[in-house]
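Survey of secondary and tertiary structure
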Amino acid sequence: MFVIRHIREIALALLLSSVAATAQAQWTGKGEAGLVIANGNTDTKTANAKFEFSLKRDAWKHTFGADGIYAKNAGATTGQRFEVYEQSDYNFSARSFAFGALRYEDDHFSGFRYQETLSTGLGRHIVDSEATKLTGTVGVGYKHFATRDVHDPVSGALLEAGDSGNQAVFRSTLDFEQVLTSTAKLTNKFLVESGSNNTFIQNDLAVQLKVTQVLAVAVGYGVRRNSSPPNGFKKTDTLTTINLVYELK
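Given the structure is predicted, the values throughout are model-derived calculations rather than measurements.

Quick word on the overall build of the chain
Along the backbone of the chain there are 1 helix and 14 strands. Long-range contacts, defined here as pairs at least 24 residues apart, represent 50% of the contacts in the chain between residues at least 6 apart. Accessible surface, the chain as shown: approximately 13,900 Å² in total, 60% of it carbon and sulfur.

Next up, the structure:
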């Protein structure tokens, strides 16, 4: 508990002490969304949206983002998930920084009702050129989670009651961006949160094609995996998207 308490104190200190440094800072970022509706022989509706904004002022950088999906088939909801996150970086050199981060996830069709993580650590801009960017972080965190009730699919009887818990986690990220042509770029974002009870891994790969100075089309493929979900739930979820992207510069 001593270690967990100090993890929380360090991360909160980084997040809260940065508030005064954000005044008059300029925002950059992007938002994207996709929608598929089919009627006739099939009746399906699928939507997804995400956005991420960043601001920089002096040695601070703040990033806030959210994403969500919703799917419905023949009148029944088959997918519903949202995630929000925030990270504040303090750059103590041109390439190195300390960070505090928060992440919250709610997925109606996973074994977890929610997972929330508070973390802190160090990061490094490993490659930072106009064509290629590679940034990695490593740190530790504190995760709180709650699992869903498990019911028999036939009788509906309760097989396992949901529970909640806490655990210390190791957290690491790796963000990659590669300019392919004057109108195309490749991005990949990797996240792992590993604790004693479960390891969560998320990887989002996308190719973005510029249409105008502020509009683009992005084709993405995402993988999310929990190593130890509750009984009856799958470990891995995947999502393929085709979205319209608006960039704020």
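Observations regarding the pairing of strand 6 (residues 112–128)
In the sheet, strand 5 (residues 96–107) pairs with strand 6 via 10 bridges, with the strands oriented antiparallel. Residue pairing in the sheet places Gly-100 in a bridge with Thr-120 of strand 6. Between the end of strand 5 and the start of strand 6, which pair antiparallel, lie 4 residues. Alignment of strand 6 against strand 7 (residues 132–147), held across 15 bridges, turns out to be antiparallel. Of the residues in strand 7, the one forming a bridge with Gly-123 is Thr-137. Here strand 6 folds back onto strand 7 in antiparallel fashion, the turn holding 3 residues.

Let's talk about the packing of aromatic side chains
Counted by the stated rule, this structure contains 6 aromatic pairs. A centroid spacing of 6.1 Å and a plane angle of 40° characterise the contact between Phe-82 and Tyr-104, whose relative ring orientation is tilted. Of the two residues, Phe-82 is situated in strand 4 (residues 76–91) and Tyr-104 in strand 5; the sequence distance between them amounts to 22 residues. Relative accessible area serves as the criterion here: at 25%, Tyr-104 is assigned to the partly exposed category. With a centroid separation of 6.0 Å and 80° between ring planes, the pair formed by Phe-112 and Phe-145 is classed as edge-to-face. Placement of the pair is Phe-112 in strand 6 and Phe-145 in strand 7, with a sequence separation of 33 residues.

Some thoughts on the environment of Thr-212
Tracing the backbone shows Thr-212 in the loop between strand 12 (199–210) and strand 13 (215–226). On the accessibility criterion, Thr-212 (35% relative accessible area) is partly exposed. Along the chain, Thr-212 and Tyr-246 lie 34 residues apart, while their C-alpha atoms are 9.6 Å from each other. From its side chain, Thr-212 meets the backbone nitrogen of Leu-215 in a polar contact 3.0 Å long.

Some details on unusual backbone geometry
For Asp-58, which is not glycine, the phi dihedral falls at a positive 55°. By secondary structure assignment, the location of Asp-58 is in the loop between strand 2 (44–57) and strand 3 (60–73).

A closer look at the pattern of salt bridges
According to the stated counting rule, one finds 10 salt bridges in the structure shown. Glu-52 is paired through a salt bridge with Lys-189; the nearest N and O atoms lie 2.9 Å apart. You can see Glu-52 sitting in strand 2 and its partner Lys-189 sitting in strand 11 (residues 184–195), a full 137 residues away along the chain. Three or more residues joined by partner-sharing salt bridges are found here, namely Glu-83, Arg-103, Glu-105, Lys-143, Glu-193 and Arg-224.

Overview of the side chain of Asp-67
With respect to the element layout, Asp-67 can be found in strand 3. Reaching out from Asp-67, the side chain makes a polar contact with the side chain of Arg-81 at a distance of 3.1 Å. In this view, Asp-67 contacts Ala-49, Lys-50, Arg-81, Phe-82, Glu-83 and Tyr-85; residues no more than four positions away in its chain are not counted.

Conventions and cut-offs
- Residues numbered from 1 in each chain as written.
- Predicted model: local features only at pLDDT ≥ 70, side-chain atom pairs only at ≥ 80, totals over all residues.
- Heavy atoms only, no water.
- Helix = DSSP H or I, 4+ residues; strand = E, 2+ residues; numbered from the N terminus.
- Contact = heavy atoms within 4.5 Å.
- Areas by Shrake-Rupley, 256 points an atom, 1.4 Å probe, with all protein chains shown as cover.
- Pairing = 2+ DSSP bridges.
- Phe/Tyr/Trp six-rings, centres within 6.5 Å; stacked < 30°, edge-to-face > 60°.
- Buried < 20%, exposed > 50% of the residue type's maximum accessible area, 1.4 Å probe, protein only.
- Polar contact = N/O pair within 3.5 Å; in protein donor to acceptor, adjacent residues only side chain to side chain.
- Salt bridge = Lys/Arg side-chain N within 4 Å of Asp/Glu carboxyl O.

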